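Each chain is listed here by its residues.
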Amino acid sequence: MRGKIQIMSLADDLRKVVRGEVDDTPAALEKSSRDAGLFRVVPEVVVRPLDAEDICSVVRFVNEKHKQIQGVALAQGSPRQRLPSITARSGGTDMSGGPLTDSIVVDMTAHLNKFLELGAQEAVVEPGMYFRDFDKETKKKNLELPSYTASREINTVGGMVANDSGGEKNLKYGKTARYVAGLEVVLADGQVHTLKDLKGEELTKKLAEQSYEGDIYRRVSALVGAPAHQSVIKAAKPQVEKNSSGYALWDIGDPVGQANGAGGTPSLNLARLMVGSQGTLGIITKIHFKLVRPKPYSSMVVLFLDKFSELAEVVPEVLAHSPDSFESYDDHTFQIAMRYLPELAAQMKAGMIALGISFLPELWMALTGGVPKLILLVEFRADTQEECLAKAEHLAAEAKHNRQHVGVRVIKNEAGTKKYWAVRRESFNLLRKKVKNRRTAPFFDDFVVPPLKLPEFLPKLEEILSHYDLTYTVAGHIGDGNIHIIPLVDPQRPGLAKLLDELTHKIYDLVLSYHGSITGEHNDGLVRTPYVEKMFGKEMYALFLELKSIFDPQNIFNPGKKIGTNFSDMLSKIDLPKSM
Ligand SMILES: Cc1cc2nc3c(=O)[nH]c(=O)nc-3n(C[C@H](O)[C@H](O)[C@H](O)COP(=O)(O)OP(=O)(O)OC[C@H]3O[C@@H](n4cnc5c(N)ncnc54)[C@H](O)[C@@H]3O)c2cc1C
């Protein structure tokens, strides 16, 4: 070996400490370089940990590397090497660039994917399990995690927790955070920690503990408990039902025990803090979920609107009936679904002819009166068919009476609702995979405004969009005011990044003028991190920075997400695939 300098790669080094696979083949790196968003970032290496202990080894390894590199930099006066970091990746269906990194990807799906326990109304699972598999297990006891997403066939439960995902049942059941009873998480000390809601005596004990964990609890408690910070947190709390942006400091309890007057029980829930934090504070290795028993029967009212402005009266009218779901899709989505009927049929595991026939009434409506601008799906669920049908018929009768020009259809049972759910759930996937010479560009894809403000908000939004030559689809959780707009763009279009950026600023200014959120469920990732300060204001953003430094002082966990990415960094990573 004399005279020969052997340069070890990050992968070579990792192979010495990790028991699972360490893969730096071009195919593995390429696969992890994209999610369902519009960025491309190629990692240096992909690790497939065997278990939580393997993740601990990666964290300790990265900590050690940081010390070595910083030591050398100090001695030589300048940094020579890039500092490694760790980004968890599960299903890779994120739309925000959340699982992308140029350093180490930790793939949670390869081994950390086991179903561990099913209780009377709860389940324990590893984060890399796909929701579709988890759902099969919980359904054995007729239980469900109701925050499942439209991507339920391709995402994991860990991704749902890390993004605080939501879906079509959000209106009634809320997002994933509501169902997380506890988590096991690898923190920056390279150890697994159990996090849950601690109250009263339990919290007092933890705060007195002389340990790494005790120190974290003390520091977070001081951060959110300081009177000056409490007013900042209260003022910055999003005013809408759904939000995945920032760190949920307003929702992690009251360590001082004074939120409802002096003498309240102190509480602090660090598991809640992890939910929605996109792996920027630690890596989740085990999840304890609370579950619900789904109502078995369903009926639906479908409303066909010709103008967004009709929402003004329809939204409050529908919400007054307390439906289980209140969802929507627009004319473009409907047209795309009709064009790709065979693919939709395959996804629904239905025959193409049968599906075509089932859509005949809508096709006839489109031929005779044009395609309605917006289709609203209002679902009622109950323990008997009669009960949910009665609720649907009640709403339908009211809508027909109050608004003769609005098309109203009652779907009596679950079988009849399937085609509408297929269009609603599959539209983004169809767009992503099928439309020729155009790419989906999720950029302002997930904002939220108070639902009763939608009628006022939507025409203003349309006005902004009308100045840009863009084709886009609109779908969303109308009952929560959470709208998904997906532009379809030519990836070669000159000035695309500038256009998206300019448009997004205008849209978010409008959203924030209604005290809305820039993301209801898709989270910040790369695409929205530069807007987080605008969403929450300088003082709250400073608290986010402080929180990050408590959990991750060396910035080893998913750097550049939630905090630390500026507009030009983000825009430089846009790279839409020319073909899929
Ligand atoms: C067709 C389609 C439809 C969609 N519909 C919805 C929808 O209805 N509602 C919705 O909320 N989202 C939706 N999404 C977005 C996405 O599917 C969800 O956010 C999903 O929950 C992400 O899960 P995943 O397993 O793919 O996670 P990934 O994409 O792998 O990761 C998501 C984020 O979580 C972090 N992460 C992953 N695992 C861990 C872990 N173990 N510990 C710490 N951090 C971790 C990653 O670093 C990343 O930041 C949709 C996406 C597509 C493509």
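Going by the structure above, here's the rest.
Residue indices follow the written sequence of each chain, beginning from 1 at its first position. Per-residue local features are limited, in this predicted model, to residues with pLDDT of at least 70; the limit for side-chain atom pairs, both in listing and counting, is 80 or more; totals at the level of whole chains, interfaces and linings are taken over all residues. Calculated side-chain values reflect all of the structure's heavy atoms, with hydrogen atoms and water omitted.

Draft legend 1. How the structure looks around the site of the ligand. Whether a residue is near a molecule or strand depends on its heavy atoms: if one lies within 4 Å, it is near. Not every one of the 36 residues close to the ligand is listed here, only the nearest: Ala88, Ser90, Thr93, Ser151 and Gly166. In protein, a polar contact requires one atom able to donate a hydrogen and another able to accept it; more generally it is a pair of N or O atoms within 3.5 Å, and residues adjacent in sequence count only if both atoms are side-chain atoms. Within the side chain of serine 151, one N or O atom sits 2.6 Å away from an oxygen atom of the ligand. In this structure, a nitrogen atom belonging to the ligand sits 3.0 Å away from a main-chain N or O atom of isoleucine 284. Note on areas: Shrake-Rupley, 1.4 Å probe, and residue coverage restricted to the protein chains presented here. Bound to the protein, the ligand loses 98% of the 980 Å² it would expose on its own. Secondary structure elements with two or more residues in the shell around the ligand: strand E3 (86-89), helix H5 (157-163), strand E10 (283-290) and helix H17 (414-434). Strands are runs of DSSP state E lasting at least two residues, helices are runs of H or I lasting at least four, and both sets are numbered from the N terminus onward. If one sorts the elements of the shell around the ligand by residue count, H5 sits on top with four residues.

Draft legend 2. View of unusual backbone geometry. The phi angle at aspartate 164 is positive, at roughly 50 degrees, despite the residue not being glycine. Whether a residue is buried, partly exposed or exposed follows from its accessible area with a 1.4 Å probe, protein chains only, as a fraction of its type maximum: under 20%, in between, or over 50%, in that order. Here aspartate 164 falls in the buried class, since its relative accessible area comes to 3%. Unlike most non-glycine residues, asparagine 558 shows phi in positive territory, near 40 degrees. Relative to the elements of secondary structure, asparagine 558 occurs in the loop between helix H22 (538-551) and helix H23 (567-572).

Draft legend 3. Inspection of the sheet that holds strand E9 (residues 267-269) at higher detail. Here, a strand pair is defined by DSSP locating no fewer than two bridges between the strands. Spatially, the six strands line up as an open sheet ordered E5-E6-E10-E7-E8-E9, and their pairing is antiparallel. Looking at the sheet topology across the chains shown, the edges are occupied by strand E5 (115-118) and E9. Each neighbouring strand pair of the sheet contributes to a mean axis angle of 25 degrees, computed without reference to strand direction. For E5 and strand E6 (residues 122-125), the ladder comprises three bridges, and the chain directions are antiparallel. Counted as the bridge partner of glutamate 117 is valine 124 from E6. Residue contacts are counted whenever heavy atoms from the two residues lie within 4.5 Å of one another. Structural elements are reduced to axes, namely lines fitted to C-alpha atoms, with helices fitted over the stretch in contact, and the angle between N-to-C directions of any two is expressed from 0 to 180 degrees. Of the strands in this sheet, E5, E6 and E10 touch helix H4 (residues 131-139), which is tilted by about 25 degrees from E5.

Draft legend 4. Focus on the nonpolar core. Core analysis: the largest hydrophobic core is formed by 119 residues, its most contacted members being Phe134, Phe289 and Phe551. Examining the composition of this core, we find that eight residues originate from one element, helix H19 (residues 496-513), more than from any other. Apart from residues no more than four positions distant in its own chain, phenylalanine 551 is found in contact with Leu187, Ala188, Tyr212, Ile216, Val220, Leu270, Leu273, Met274 and Leu281. The criterion is simple. A nonpolar core is a set of buried Ala, Val, Leu, Ile, Met, Phe, Trp, Tyr and Cys residues joined through side-chain atoms within 4.5 Å. By size, the runner-up hydrophobic cluster in this structure holds 27 residues, among which are Leu341, Phe359, Ala422 and Leu431.

Draft legend 5. Examining the sheet that holds strand E1 (residues 21-23) more closely. Overall, mixed pairing links the four strands, which are arranged E1-E2-E4-E3 in an open sheet. A strand with exactly one partner marks an edge of an open sheet, and here the two such strands are E1 and E3. Between one strand axis and the next, the sheet turns through 25 degrees on average, direction left out of account. The pairing of E3 with strand E4 (residues 104-107) spans four bridges and is parallel. Pairing of isoleucine 86 across the sheet is with isoleucine 104, part of E4.

Draft legend 6. Structural view of the packing of helix H8 (residues 212-225) against H22. The N-to-C vectors of H8 and H22 enclose an angle of 170 degrees; their axes lie 10 Å apart at closest approach. As judged from the angle between their axes, H8 and H22 are roughly antiparallel. On the side of H8, the interface is formed by Tyr212, Ile216, Arg219, Val220 and Leu223, while H22 contributes Leu543, Glu546, Leu547, Ser549, Ile550 and Phe551. Tallied by class, the residues present in the contact of H8 with H22 amount to eight nonpolar, one polar and two charged. Each angle gets one of four labels, with under 35 degrees taken as roughly parallel, over 145 as roughly antiparallel, 65 to 115 as roughly perpendicular, and the rest as oblique. Think of it as three bins: nonpolar holds Ala, Val, Leu, Ile, Met, Phe, Trp, Tyr, Cys and Pro, charged holds Asp, Glu, Lys and Arg, and polar takes everything else, Gly as well.

Draft legend 7. View of the pairing of E10. Of the strand pairs in this sheet, E6 and E10 are connected by four bridges, and their pairing is antiparallel. Opposite glutamate 122, over in E10, you have lysine 290 as the bridge partner. Examined bridge by bridge, strand E7 (residues 180-186) and E10 share six bridges and lie antiparallel to one another. Each residue of the ladder has a partner; that of valine 186, found in E10, is isoleucine 283.

Draft legend 8. Here's a closer look at the side chain of threonine 109. Assignment of secondary structure puts threonine 109 in the loop between E4 and E5. Among the residues examined, threonine 109 registers a relative accessible area of 16% and is labelled buried. Once residues lying within four places of it in the same chain are set aside, the contact partners of threonine 109 are Arg89, Ser90, Gly91, Gly128, Tyr130 and Thr156.

Draft legend 9. Up close: helix H13 (residues 341-348). Buried residues of H13: Leu341, Leu344 and Ala345, and no others. Across the axial projection of H13, the buried residues extend over an arc of 100 degrees, all falling on one side. The directions from the helix axis to the C-beta atoms are what the arc is built from.

Draft legend 10. Up close: the packing of aromatic side chains. Within 6.5 Å between ring centres, the rings of Phe, Tyr and Trp (the latter by its six-membered ring) count as paired, and their orientation is classed by plane angle as stacked under 30 degrees, edge-to-face over 60, tilted in between. For the structure on display, the rule yields eleven aromatic pairs. Their ring planes at 85 degrees and their centres at 5.8 Å tell us that phenylalanine 457 and tyrosine 514 sit as a pair that is edge-to-face. Pair noted here: phenylalanine 457 is in helix H18 (residues 454-466) and tyrosine 514 is in the loop between H19 and helix H20 (525-528), with a separation of 57 residues, a long-range link. On the basis of relative accessible area, phenylalanine 457 is assigned to the buried category, the value being 0%. Judged by its relative accessible area of 8%, tyrosine 514 is buried. When the ring of tyrosine 508 is compared with that of tyrosine 531, the centres are 5.0 Å apart and the planes differ by 85 degrees; the resulting orientation is edge-to-face. Of this pair, tyrosine 508 sits in helix H19 while tyrosine 531 sits in the loop between H20 and helix H21 (532-536), and the two are 23 residues apart along the sequence.

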